[in-house]
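Here are the chains, one letter per residue:
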Amino acid sequence: FEAARDLSRELLAEYPEHAFVHGTLIDALVELGEYEEAIEVSDQMLALRPGLPAYSRASYLRELHGDTPGAIAAMRLAANAEPSGRPARSWALLNLGEMYLGDAKPDTAAYVFEGILEEDPDFAPALAALGHVALVRGDAAAAVRQLEQARALRPGGATDELLVEAYLAV
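Presented here is an overview of the structure given in this document. (Residues numbered from 1 in each chain as written. Predicted model: local features only at pLDDT ≥ 70, side-chain atom pairs only at ≥ 80, totals over all residues. Heavy atoms only, no water.)

## Digging into the packing of helix α2 (residues 19-31) against helix α4 (residues 52-64)
Two elements in contact, α2 and α4, have axes whose closest approach is 11 Å; the angle formed by their N-to-C orientations is 20 degrees. Relative to α4, α2 is oriented roughly parallel. Both α2 and α4 take part in a crossing whose hand is left-handed. Contacts from Gly23, Thr24, Ile26, Asp27 and Val30 of α2 reach α4 at Arg57, Tyr60, Leu61 and Leu64. (Axes fitted to C-alpha atoms, helices over the stretch in contact; angles between N-to-C directions. Helix = DSSP H or I, 4+ residues; strand = E, 2+ residues; numbered from the N terminus. Parallel < 35°, antiparallel > 145°, perpendicular 65-115°, else oblique. Left-handed = near helix turned anticlockwise from the far one by under 90°. Contact = heavy atoms within 4.5 Å.)

Here's what the structure looks like:
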């Protein structure tokens with residue numbers, strides 16, 4: 001990440017208006033724990049080119065600093081910056097829903113995940129997230145159904161872990 005940080009700084013010196021390079025610098029700075037500079041560069045990126053890449057990075061920085069309402073607001077902006085049905089929008093909405101779930105708001109999270117599926121019925125991570133909501137609500141049977149459906153579309157990873165948890169809870 002040090003090399004990415006250094007290269008991004010060099011590129012920004014030559015191309016100060018290039019939003020993508022701001023993003024790579026933010027990512028490297030976050031990974032290196034250089035949060036104050038990451039926030040400064042994030043502010044620059046937001047001023048240069050507001051959109052999903054800028055808003056999602058701002059959201060993550062706010063989340064890292066314990067500002068859950070600010071992180072949610074920024075991720076909402078990220079999702080709204082993309083047209084319906086686009087994979088990037090689904091990704092942003094998934095993250096938004098997961099933030100709500102982490103903030104003990106399963107009903108709001110479920111609403112967001114269901115909205116993703118209205119736009120993209122085969123978006124397996126949203127199905128898995130609904131399974132997670134069902135587990136949180138104590139409905140292991142519904143969790144198993146949703147997680148098995150998600151796994152059929154896209155096996156592996158966190159879905160399998162949640163599915164094991166659901167099987168044990170039935």
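## Regarding the pattern of salt bridges
Taken as a whole and assessed by the stated rule, the structure comprises ten salt bridges. One salt bridge connects arginine 86 with glutamate 82, and the closest N-O pair in it is separated by 3.9 Å. Judged by its relative accessible area of 45%, arginine 86 falls in the partly exposed class. Close ionic contact of arginine 89 with glutamate 119 constitutes a salt bridge, the shortest N to O distance being 3.0 Å. You can see arginine 89 sitting in helix α6 (residues 87-102) and its partner glutamate 119 sitting in helix α7 (residues 106-119), a full 30 residues away along the chain. Take glutamate 119: its relative accessible area is 26%, and that puts it in the partly exposed class. (Salt bridge = Lys/Arg side-chain N within 4 Å of Asp/Glu carboxyl O. Buried < 20%, exposed > 50% of the residue type's maximum accessible area, 1.4 Å probe, protein only.)

## Remarks on helix α9 (residues 140-153)
When the terminal C-alpha atoms of α9 are compared, their 20 Å separation across 14 residues agrees well with the 20 Å that a helix rising 1.5 Å per residue should span. Those residues of α9 that fall on the buried side of the exposure criterion are Ala140, Ala142, Ala143, Val144, Leu147 and Ala150. Buried positions along α9 lie against α8 (124-137) and α10 (158-169). (Expected span 1.5 Å × (residues − 1).)

## What to know about α2
Compared with the 18 Å implied by 1.5 Å per residue over 13 residues, the 19 Å span of α2 between its first and last C-alpha is a close match. Listed in full, the buried residues belonging to α2 are Ala19, Val21, His22, Gly23, Leu25, Ile26, Ala28, Leu29 and Val30. For α2, the secondary structure elements touched by its buried residues are α1 (2-14), α3 (35-48) and α4. Positive backbone phi, at 75 degrees, marks glycine 33, one or two positions downstream of α2.

## Brief notes about the nonpolar core
Phe113, Ile116 and Leu147 are the most contacted members of the largest nonpolar core, which has 37 residues in total. Secondary structure elements with two or more residues in this core: α4, α5 (68-80), α6, α7, α8, α9 and α10. Per-element tally for this core: the top contributor is α8, with eight residues. Setting aside residues up to four positions removed in sequence, leucine 147 forms contacts with Ala128, Gly131, Thr159, Leu162, Leu163 and Ala166. The next biggest cluster of nonpolar side chains, apart from the first, holds eleven residues, and it includes Leu12, Ile26, Leu29 and Leu61. (Core = buried A, V, L, I, M, F, W, Y, C linked by side-chain atoms within 4.5 Å.)

## Examining the packing of α2 against α3
The geometry of α2 relative to α3 is characterised by a closest axis approach of 9 Å and an angle of 160 degrees between their N-to-C directions. Our classification of the angle between α2 and α3 gives roughly antiparallel. Judged by the twist between their axes, the crossing of α2 over α3 is left-handed. Of the residues in α3, those touching α2 at Ala19, His22, Gly23, Leu25, Ile26, Leu29 and Val30 are Tyr35, Glu37, Ala38, Val41, Ser42, Gln44, Met45 and Leu48. Among the residues forming the contact of α2 with α3, the class breakdown is ten nonpolar, four polar and one charged. (Nonpolar A, V, L, I, M, F, W, Y, C, P; charged D, E, K, R; others polar.)

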